[in-house]
Amino acid sequence: MKKTSFWSAVATLGVALILSGCVSGPVAVPSTFWEQTSDRVLIVLDELPEHGIYAKEGSQGLLDVAINSAMATSEAKHLKQQDAEAFREIVSIFEAELTAAGFQPIVYEGEFSLKDQPKLKGKQSGQFEYDLSGLAVESDADEIIVLRLVSFGASRTYYGFIPTSQPQGYAMVQGIMVDTEKNKILWDTGILEGTIKDPVVGEWNQEPDFPNLTEAMNRAVEKSKRFLKDRFFER
């Protein structure tokens, strides 16, 4: 049977949208940015995933993918009931850190969905694929920081439809800063670099609430916030 990689089988993860969009990076924050404290920096939180996912990684044939997708396990059902509201704290973290660095950041208070933004026409190398000019005009911002929790939940490796590891807590994040004058990417963590995993402490298979697996998921989300903070504010 023909085998396909985890990323070729993204339908299993339910994150095909991500891989068809912002796959890029990483790009470090330019050192000159820290000298521009008079700039208006807008912080935007992308819409959060509706629920957690059970990400099945590894070498899987197309039939294996279909079988795995159809097998709604107890842990997958449990993860689908989880939310990631705790991730919203990342906005106040960035606001506080930018303020401490001498900036007067602006927090976007409305709902924002990156996937609903128009694609940039005539995109050139180094430019962000989404056109954020409308947001820039609305906020009069010089730079826009978009913080994204792409997906979260648990991940487990499979060979075919046979699991080859214990589940781990999982989160995937991305941070992007764009210069609003030219829609140029000034900072990008990258998608793959922002994949965080955290092992389960103790027994994972604890139906019906899976407390240890849920805690590993929560730790992964917390670590994802630290990852974004460290990547942006490291100098």
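An account of the accompanying structure is given in this report. (Residues numbered from 1 in each chain as written. Predicted model: local features only at pLDDT ≥ 70, side-chain atom pairs only at ≥ 80, totals over all residues. Heavy atoms only, no water.)

**Some thoughts on the pairing of strand β2 (residues 41-45)**
Along a regular strand, successive side chains alternate from one face of the sheet to the other.
Part 1 of the reasoning: Most of β2 is tucked away: 5 of the 5 residues are buried.
Part 2 of the reasoning: Residues of β2 alternate between two faces, with Val41, Ile43 and Leu45 on one and Leu42 and Val44 on the opposite face, all of them buried. (Buried < 20%, exposed > 50% of the residue type's maximum accessible area, 1.4 Å probe, protein only. Helix = DSSP H or I, 4+ residues; strand = E, 2+ residues; numbered from the N terminus.)

**What about the pairing of strand β6 (residues 143-159)?**
Part 1 of the reasoning: For β6, the buried fraction is high: 15 of the 17 residues fall into the buried class.
Part 2 of the reasoning: In the sheet, β2 pairs with β6 via 5 bridges, with the strands oriented parallel. Across the sheet, residue isoleucine 43 finds its bridge partner in β6, namely isoleucine 145.
Part 3 of the reasoning: As defined by bridge partners, strand β3 (residues 53-57) adjoins β6 across 5 bridges and the pair is classed as parallel. Opposite lysine 56, over in β6, you have arginine 156 as the bridge partner.
Part 4 of the reasoning: The sheet contact formed by β6 and strand β7 (residues 162-163) spans 2 bridges and is antiparallel. Each bridged residue has a counterpart across the sheet, and for tyrosine 158 the counterpart in β7 is proline 163.
Part 5 of the reasoning: Adjacent in sequence and paired antiparallel, β6 and β7 are bridged by 2 residues, among which glycine 160 carries a positive phi angle near 65°. (Pairing = 2+ DSSP bridges.)

**Describing helix α6 (residues 211-233)**
Part 1 of the reasoning: In a regular helix each residue adds 1.5 Å, so 23 residues correspond to 33 Å; α6 covers 33 Å between its end C-alpha atoms and thus fits that length.
Part 2 of the reasoning: Among the residues of α6, those classed as buried are Leu213, Thr214, Ala216, Met217, Ala220, Val221, Ser224, Lys225, Phe227, Leu228, Phe232 and Phe233.
Part 3 of the reasoning: The elements touched by buried residues of α6 are α3 (74-79), α4 (89-100), β6, β8 (168-179), β9 (184-188) and β10 (195-199). (Expected span 1.5 Å × (residues − 1). Contact = heavy atoms within 4.5 Å.)

**Some thoughts on the nonpolar core**
Part 1 of the reasoning: Counting residues in hydrophobic clusters, the biggest one holds 43 residues, and the most contacted among them are Phe94, Leu98 and Phe232.
Part 2 of the reasoning: Sorting the residues of this core by element identifies β2, α3, α4, β6, β8, β9 and α6 as the ones contributing at least two each.
Part 3 of the reasoning: A per-element tally of this core places α6 first, with 9 residues.
Part 4 of the reasoning: Look past the residues within four positions of phenylalanine 94 in its chain and what remains in contact with it is Ile43, Ile145, Leu147, Trp187, Leu228, Lys229, Phe232 and Phe233.
Part 5 of the reasoning: Val44, Phe128, Ala136 and Ile185 belong to the second-largest nonpolar core, a separate cluster that totals 15 residues. (Core = buried A, V, L, I, M, F, W, Y, C linked by side-chain atoms within 4.5 Å.)

**Comments concerning the pattern of salt bridges**
Part 1 of the reasoning: For the structure on display, the rule yields 11 salt bridges.
Part 2 of the reasoning: With its nearest N and O atoms 2.7 Å apart, the salt bridge here joins lysine 197 to glutamate 57. Here the residue lysine 197 occupies a position in strand β10, and glutamate 57 occupies one in strand β3, the gap between them amounting to 140 residues.
Part 3 of the reasoning: Note on glutamate 57: relative accessible area 12%, which makes it buried.
Part 4 of the reasoning: Between lysine 229 and glutamate 97 there is a salt bridge, with the nearest N and O atoms lying 3.4 Å from each other. Highlighted residues: lysine 229 in helix α6 and glutamate 97 in helix α4, separated in sequence by 132 residues.
Part 5 of the reasoning: Lysine 229 gets classed as partly exposed once you look at its relative accessible area, which sits at 31%.
Part 6 of the reasoning: Here the salt bridges do not stand alone but share partners, grouping Glu89, Glu222 and Lys225 into one network. (Salt bridge = Lys/Arg side-chain N within 4 Å of Asp/Glu carboxyl O.)

Any functional reading would require information that these geometric values do not contain.
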